[in-house]
Structure formats: C-alpha cells, structure tokens
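The chain contents come next:
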Amino acid sequence: MAKTKRYKHITIHPAQGGQLVGSASDDIPLSQASNFLTSSANYTQKLNFRRETDGELRREGWDLFNPTGNDDALNSDLPIRGIYQFTGTTGTPTMVVIAGNTLYKLLSGDRRYAINYGTDTLNANPVEEYATVDGVDAPEPLPSVDYFDNDADDFTWSPIFTFENHMDAKESDGTYKDPYEGGAYRWEFVEIRNHLIINNGVDLPIVFKSEWGSAVPLYGLRENGVMSVGTISGYQDRLFCGDLTVISSGFDHWFNNASDPYATLGTSHPLLGTVQTQRFQYRIIYSAEGEPKLFNPGIIDSATGGFIAEGGGLEGKITVSSSGVYTFTPEYEKWSEFGVNTDGSMMQAYSHGDFGGDEHIGVILTSPQSGEKFVDESYIAGDIESAIGSLVRQFPERALPFMDTSPPGGDTIDIDGNPYRTYGFSATEVIFKLIETITTLSGIFFQKNSNTSYTLVNQSGGNIKLLNENGAGLSTGVDYNCVLRPYAEQTKRPAAIQEFVQDGSRILKMKPLADKLVVYRDSGFYFITQSNSNINPFAIDPRYQGGRVADYRHTVIDLGGNQHLFMGNSGVYIINRSSVEPKPMELFELGPPFWHIVPPELAEFVYAVDNPLTREIFINCPIGYKVDDLGNYTNELGELSSEPVLEWGVIAYDYIAQTLSQIDQSFTACVSIRKPKYNRVGPEESWFVMGLHQGWDSNSLYVGSDYRDDAKYGGTICRYGYGPPARGQTTPYRIYNRLGYGYASKIKSGLIDFGDSFSDKEVRSYVLELSSKYGTTPVKVKISTNTAPQGTEVVETLSNGNNYVVLNDVVDSNMIPLYVRAPYMRDQLIVEPEYIHNGYSEYGYIKSKIENKENVYYWSDSQPTVIDNPIKLVGRTFEVYGVNTKSTTQTINQG
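Residues numbered from 1 in each chain as written. Predicted model: local features only at pLDDT ≥ 70, side-chain atom pairs only at ≥ 80, totals over all residues. Heavy atoms only, no water.

## Looking at the overall build of the chain
Helix and strand counts for the chain stand at nine helices and 60 strands. Looking at the chain as a whole, 54% of its 895 residues qualify as buried. For the chain, long-range pairs separated by at least 24 residues make up 66% of all intrachain contacts whose partners lie at least 6 apart in sequence. (Helix = DSSP H or I, 4+ residues; strand = E, 2+ residues; numbered from the N terminus. Buried < 20%, exposed > 50% of the residue type's maximum accessible area, 1.4 Å probe, protein only. Contact = heavy atoms within 4.5 Å.)

Put into structure tokens, the structure is as follows:
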C-alpha cells in the first residue's frame with residue numbers, strides 16, 4: 001500500500017483574495033466561500049504593488065513631463081496644485097497648470113520658427129515668431145530668442161494670470177492660512193464650450209480661452225454682485241456657481257473706488273467695512289445656456305416667450321448731441337477700465353460691422369433694474385423707456401427685414417425726413433416695427449472713445465436713432481438712464497438664481513451624474529434636473545439628509561458613468577441616480593481607515609482622480625504616519641520625533657479587480673491628458689501626469705512634499721511610467737524609477753492558518769512564483785510565526801544577521817527551505833531598488849543610502865543610475881503538514 005504523503009503543497013494566488021485589510025482582523029476570512037485560502041490571500045500591507053490581471057505587479061515609477069524630449073516639466077518653489085487640459089477653439093488641446101498663485105499655459109510652437117519667449121503674454125502680447133526657412137532672412141535676434149531649423153514641436157510655459165490667494169500660503173509660524181484670511185481652497189476646473197473656468201473659492205473665478213493672451217476674471221459675476229464662489233460645476237451647457245458670497249452694501253462705492261473692482265475684498269482691503277459682504281452658502285447662480293460668461297439674471301415670459309431682464313448689464317446714461325450722436329457713459333468708470341471691450345467681457349466694441357460675432361458684440365437697451373440683484377431690489381426711475389416707450393423687441397428674429405429707407409414703390413411714411421415703405425401696415429404699426437428693426441435687427445454697437453465713453457452706432461457704423469410712437473427722437477443734452485445688455489440674452493436661455501435653503505447648510509460640491517446635477521451639502525445632497533418650464537428651467541429633487549456626506553468634497557468622482565464615489569469623515573460611499581442615501585463601500589470598509597487621520601484643516605488637500613491607464617481611482621490622502629524601520633516616529637526630515645507626522649500618499653482603488661493598494665508618494669495634482677502637440681487635432685498618446693514637489697529643508701516642505709537634501713526640482717510635472725507604445729514604437733512605455741531614484745515595494749500577508757486555527761502547522765519550504773512576462777530581481781522574503789492572533793511575532797528567516805532571506809537569482813532559485821511549527825504564519829516580500837554605482841564615499845550630496853544597521857553610507861555618484869527591476873507575483877507555495885496538537889502552543893505557549 002502506498003504511503004500517504006504527510007506534506008501538501010498549497011499555492012496561494014492573488015486572485016483568491018488580494019484585498020488590502022486594515023480594519024478587519026488579520027486571521028478572519030473575508031468571504032463566505034468555502035476556499036479557506038480566502039483570508040490567506042489578503043494583505044495587511046500592499047505598498048507600491050498593484051493588481052494586473054492574475055498577479056501583483058511592482059508599481060511603475062515616473063519621469064519628467066517632456067513631450068519634446070526636453071525638460072518641459074516646469075520648476076516652481078511652490079507645489080503644483082492644479083493641472084488641466086481642455087479643448088481649444090481650434091480643436092487642439094490646451095494645457096494649464098497652477099503653482100502657488102500663478103496660472104501657466106503650455107505654449108506650443110513649431111521649431112521651423114524662432115520663438116521669442118521673452119514676450120509678456122501676461123499682458124496679452126502675442127508670441128513673436130521669426131521665419132528661418134525657405135530663404136527668408138530672420139531679423140536680428142533678441143537676447144531671449146533662440147533659432148531652430150527643423151519641424152519638431154517646441155513648448156514653453158508662460159504665466160497667463162496671477163491670483164491673489166492660494167492654498168499653500170503660510171503664516172509666520174508655518175501653519176497654513178485659512179481661506180478668506182490669506183489662504184484659499186483647492187482649485188476647481190470646469191470646461192464649457194471651449195471656455196475653461198477656474199475657481200479657488202476665495203477669489204473671483206476666472207475664465208480662459210485658448211486664443212486669449214491671458215485669463216480674465218468672470219466680469220459678469222462681479223457685475224451682478226458676486227464677490228466669491230465656493231464651488232463651481234458645469235451642467236446642461238451652463239456654469240453653475242454655488243455657495244455665494246455677495247456684496248450686501250456698498251456696491252456703488254466698490255465700483256467707484258476700488259483700484260480693481262474684480263479683486264478680492266480681503267481682510268486688509270482698504271474698503272473693508274465700507275463695503276460689506278454676506279454669504280449665502282445655500283444659493284446657486286447659473287449662467288446663460290451655452291455662455292458661461294453671461295450671468296445677467298432674467299426669465300422667459302411664459303405667455304409671450306420673450307426675455308424679461310431682472311438684473312445685470314452695463315448701467316449708464318445716454319446723451320444725444322445736437323449733431324445726433326448717441327453717447328453712452330457707464331455708471332461706474334471701472335467697468336470701462338476692466339470689464340468692457342476686453343477678453344472675457346460680453347460687452348465688445350464695434351469693430352468689423354458684424355452682427356453678433358464670437359463674443360456677441362450686439363447689445364440691447366433696457367431700463368435699469370437693480371445694480372445688485374441679491375439684496376438691493378430697488379427700481380431706478382427716469383429710464384430710457386419712459387422717454388420712448390416699449391423699446392426692446394421680445395422676438396428679435398421676427399423683426400421685419402423689409403423696413404428699408406429706399407422703398408422701390410408703394411405706400412410710404414415719412415419719419416424724420418426719411419421715407420419708409422408701409423407694405424400695407426398702418427402708420428402706427430410701421431413706426432413700432434421700425435423701432436424694433438432699428439434696435440434689434442440692425443443691432444446697437446458701441447465704439448470706444450478716449451474719455452471712457454462710447455458712441456452707439458448701427459450695423460454699418462453710422463448713427464442710430466431712437467424714436468417714440470410719434471416719430472420723435474430723444475431730446476438733445478438730456479441724460480437718459482439705461483442699461484446695455486448683451487444681445488446674447490435674446491438668443492440664449494437666460495441666467496438665473498436658485499436656492500434650496502432647507503436647513504441652510506453649505507453647498508460643498510456639485511457634480512453631474514448622468515442627466516442630473518448632484519448638489520452635495522453639509523447635511524446631505526439633492527438632485528437638480530432639467531424641467532420643461534421656461535420660467536424655472538431646473539427642478540430641485542431633495543434626496544438625503546444625514547451624516548453620510550462628502551466632507552472631503554474633492555473626492556467626489558464619477559464611477560462607471562452611473563455612480564459617484566466620495567469620502568466622508570465616516571467612510572467611503574457611493575450613490576447612483578436612484579439613491580435615497582449613500583451606501584458604504586464594503587471594499588473600503590475592510591481596508592485601512594485612512595479617513596480617520598485627516599486633520600480638518602488639511603481636508604482641502606485630499607482629492608480623487610481617475611487614472612484610466614491603470615484603471616484605478618487615486619485618492620491622495622494620508623496613508624499613515626512616518627516611521628523608521630524600527631517603527632519609531634520620524635519627522636519629514638527622517639529624524640526621530642516624539643509626535644506622529646502624517647505620511648501623505650495615495651490609496652489606489654482598482655475598479656476592475658476590486659482591490660486596494662498604496663503608493664508612498666503624494667501627488668499634489670493629477671490629470672489624464674493627450675500628449676501635447678502643436679496644431680494637431682485628433683487622437684494622440686494617452687498620458688497620466690502628476691504634480692510632485694521636493695523640499696530641501698523644513699521651510700520648503702508643504703503637504704505632499706518629498707524631502708530630498710539634494711532636491712533638483714521644487715514643484716514639477718511628471719508623467720506616470722505606464723502607457724501605450726510611443727509613436728513609432730512597438731513596446732509599451734514602462735518606467736520603474738522616480739526621476740532617477742529608486743523605491744521599495746512591499747507586500748505583507750495576513751495571518752495564515754491554512755484552514756485550521758486550532759492546531760499547529762509545520763512548514764518546511766516556501767516557493768515564490770513570478771510571472772514570465774516580466775524580469776526578475778533580488779527579493780527579500782521575511783517569514784514569521786505567531787502562536788495566536790494577538791501573540792508576539794517571531795521572525796523565522798534569519799540570515800547573516802538579517803531578519804530576511806534574499807532570493808538573489810529568482811530565475812532558477814526561488815525556493816526557501818524552512819522548518820517552522822506554529823498555528824499562524826505570515827510572509828512579507830520586499831523589492832528594493834537596484835543601482836549602478838562606483839563605490840562608497842563619506843556622507844555628502846547623495847541621498848540614496850545603503851541599509852547597514854549602525855553606519856550609513858552613500859553612493860559616490862551624484863545621482864546613481866537606477867536599474868529598472870519590474871517583478872510580478874503570481875503565487876506563493878507552502879509545503880505544509882498539519883499537526884493535531886489541539887492548540888497546545890496556544891494553551892501553554894510551548895510546541
């Protein structure tokens with residue numbers, strides 16, 4: 001009879017579990033499956049590894065952002081907290097970043113021309129180019145001009161706007177400034193019809209288009225009384241602004257006396273007190289449909305379908321000279337200096353005689369309604385309509401085009417010396433229709449005068465004439481109060497204000513979910529949906545009120561197109577379009593409870609982003625506390641500390657494999673982009689880029705900074721080291737270093753009992769199984785035993801004074817002989833970086849140190865070369881024999 005084998009080979013594959021366990025006990029199975037390996041295949045540590053199909057892959061590194069092969073990665077003292085790429089008007093992607101309070105645009109050019117990068121693009125001057133090909137001589141170069149003679153792309157970063165506040169502003173003691181006291185919230189980006197809108201919650205939001213020389217404030221918001229916006233979003237081709245701080249008193253004083261009426265009313269502003277603000281944290285204002293710069297509130301009359309103005313526009317006075325010239329003078333001189341006839345303004349001066357134009361330069365006249373719609377509801381009398389009657393045509397597209405001044409024949413009527421053909425209408429009907437034609441069909445345009453006043457002209461650049469029903473015009477030398485309003489108000493569904501007071505809680509975030517807009521508040525959330533009403537185009541649908549809220553509001557992210565994921569103080573939740581309350585995500589409930597360790601003052605630094613290349617959601621947050629190899633607390637500089645210091649990194653949620661992992665590096669900003677190209681439309685390489693920051697001392701460190709005593713970069717942009725092949729290449733893009741530095745990858749299992757927590761097990765060998773798709777590298781294997789889940793861990797792999805065994809050549813030798821006996825086992829794998837170096841030297845410039853217990857040595861190279869060492873774990877095999885000891889070791893702690 002054959003002898004029964006005592007030992008069995010048990011292989012644990014990542015696909016049998018692969019969960020990162022942080023909340024559950026190490027030895028408890030997390031599934032009802034009969035396979036006892038379910039708990040054995042989970043991890044208590046999974047650092048710099050990620051799931052790839054059937055195994056755990058050593059996570060890739062990153063390289064500098066270099067679309068031209070040069071260093072195009074920027075380099076700022078402050079961290080990069082915002083990166084975004086939007087589609088320009090011509091279809092070419094446009095990329096911007098924000099470091100500190102400065103917004104940069106990536107200028108792209110063609111190296112067949114020499115580009116003068118010394119041009120001041122912040123003041124909207126164009127970039128100069130000098131031809132150097134086809135026999136054309138270039139002019140003498142400026143000191144800042146370089147010349148090229150090839151057809152490669154060329155890029156450079158140029159500042160296009162400077163904010164007053166940003167989130168990395170610090171007090172003298174090193175703490176971060178609070179918003180509204182010199183600090184700001186995290187940057188938000190919204191793209192609507194080739195417009196990019198950027199908000200920091202404190203300053204007035206700005207708007208930018210690819211063809212502009214610089215970004216500009218959203219003039220229309222301030223001119224309607226809005227001082228700042230807590231959060232922004234796009235929905236149904238409109239810009240939604242929630243959590244509004246508005247001017248409650250001193251609107252006139254602000255526009256007449258502020259050096260910049262579109263600046264921030266900060267704590268040190270000289271007009272603070274004279275000008276007062278009030279916060280309506282439950283209120284929303286949304287722009288006109290398809291025009292994110294137009295915020296003049298109005299409604300569409302349900303009876304006539306016409307536009308009824310409620311507020312906004314350019315207030316001023318019209319004066320008619322004796323020669324018949326109509327001059328418009330704005331009520332506030334600052335409007336002329338800043339918000340009229342500039343990029344981003346809806347009020348553009350007549351230039352080409354076009355009706356409308358890119359920015360809808362045609363205007364209409366209305367009575368003044370209210371200089372500020374939010375608080376002051378008073379009506380200004382003595383307006384232009386009292387002088388000439390009903391002037392504004394409700395249906396400009398129906399104005400009669402045949403009211404010409406040179407009729408070929410038929411009945412005519414004489415008005416102010418000019419004959420008009422009646423076409424069978426009565427004299428009164430002709431006069432009214434003529435007025436409508438003059439003011440809407442031909443359009444009213446304005447030309448800027450040198451004295452900050454404007455001449456009103458018609459489509460042909462000639463003088464306009466406004467008549468009443470008796471054919472009489474405005475009196476000369478008399479001021480008539482009026483408001484110029486963009487013609488776009490007549491062609492687009494109007495802007496409006498909407499609010500949902502309920503308990504008065506703050507609007508935290510707004511984000512579309514399929515056909516709805518989810519409005520997250522301090523006390524829950526509600527939906528906004530599009531209605532069939534012209535007067536109220538949006539309906540509010542209250543959904544949830546309770547404690548499961550998006551406290552970390554920048555973690556709200558789309559998941560699969562029909563769900564939202566967000567993080568609160570009590571966990572990670574998901575909702576869908578039919579949710580009446582958020583549902584906790586079980587996967588995160590089992591993982592490390594990282595949301596518990598975020599200080600409230602640092603909540604704005606926590607955010608989530610989708611990495612479509614690795615098919616993960618990155619949550620940038622604290623992943624624990626800084627400790628050394630012995631478990632002692634350290635500070636940012638690696639020195640022993642009596643107080644715990646947060647270790648910022650990334651929790652990566654793989655939404656395909658449904659697993660979690662950790663990255664021990666914080667990304668200050670992330671975004672998925674197309675590879676930047678000059679003047680090229682269409683699909684390009686998909687890149688995932690991140691902002692990183694290096695600091696060289698305690699004063700240069702910020703949230704998410706990486707301390708390096710030889711830091712070469714401050715705030716810089718990097719490309720994640722994973723992606724499809726580059727153009728003309730056949731192999732995928734892979735990098736396993738971080739700007740020339742190495743990193744360690746670690747996986748640590750839970751307590752393995754092989755299906756029997758009652759008895760001892762004998763293990764006499766351990767085999768590490770690696771994928772043939774990747775290379776091999778030295779791996780440290782640490783195996784330990786426990787007599788009980790709460791017992792003391794005993795390291796069993798002691799070799800040459802170390803508590804691990806190194807598999808130096810895992811190509812042919814991947815088995816470790818053992819003989820251990822215990823109820824529980826645990827294994828840990830550590831993959832460290834490999835370097836090419838010349839030897840050792842005394843302490844100096846380099847930071848890549850060797851682990852050597854008492855002494856610390858450094859490579860002699862200024863920066864050693866890192867050898868890419870990818871590795872993919874597909875299984876661990878134990879040779880196990882169960883001993884029926886009836887838990888003797890757990891009873892008396894003896895084998």
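Once you've had a look at it, read on.
## A word on the packing of aromatic side chains
This structure, assessed with the given rule, holds 38 aromatic pairs. Arranged with centres 5.8 Å apart and planes meeting at 70°, the rings of Tyr 235 and Phe 240 form a pair that is edge-to-face. Each of the two residues, Tyr 235 as well as Phe 240, counts as buried. Ring geometry for Phe 251 against Tyr 332: centres 5.9 Å apart, planes inclined by 75°, an arrangement best described as edge-to-face. A residue pair is termed long-range when its members are at least 10 positions apart, and Phe 251 in helix α3 (residues 251–257) and Tyr 332 in the loop between β22 (326–330) and α4 (333–339) qualify at 81 residues. Like Tyr 332, Phe 251 is buried. Ring pairs connect the aromatic residues Tyr 219, Phe 251, Phe 255, Tyr 262, Tyr 332 and Phe 338, which therefore count as one cluster. In this structure, Lys 170 packs its charged tip against the face of Tyr 702, placed 4.1 Å from the ring centre. (Phe/Tyr/Trp six-rings, centres within 6.5 Å; stacked < 30°, edge-to-face > 60°. Lys NZ or Arg CZ within 6 Å of the ring centre and 35° of its normal.)

## So, the environment of Val 190
With respect to the helices and strands, the residue Val 190 is situated in strand β12 (residues 188–192). Relative accessible area serves as the criterion here: at 7%, Val 190 is assigned to the buried category. Considering only alpha carbons, one finds Val 190 and Phe 86, 104 residues apart in sequence, at a separation of 9.1 Å. When near neighbours in sequence (up to four residues on either side) are disregarded, Val 190 contacts His 195, Leu 196, Ile 197, Ile 232, Ser 233, Gly 234 and Leu 239.

## Quick look at the sheet that holds strand β32 (residues 524–530)
An order of β30-β31-β32-β33 is seen for the four strands of this open sheet, with the pairing classed as antiparallel. In the strand order of this sheet, the two ends are held by β30 (507–513) and β33 (538–545), each with one partner. Mean inter-strand twist for the sheet, computed between neighbouring axes without regard to direction, equals 20°. Examined bridge by bridge, strand β31 (residues 516–521) and β32 share five bridges and lie antiparallel to one another. Paired with Tyr 520 across the strands is Phe 525, a residue of β32. (Pairing = 2+ DSSP bridges. Axes fitted to C-alpha atoms, helices over the stretch in contact; angles between N-to-C directions.)

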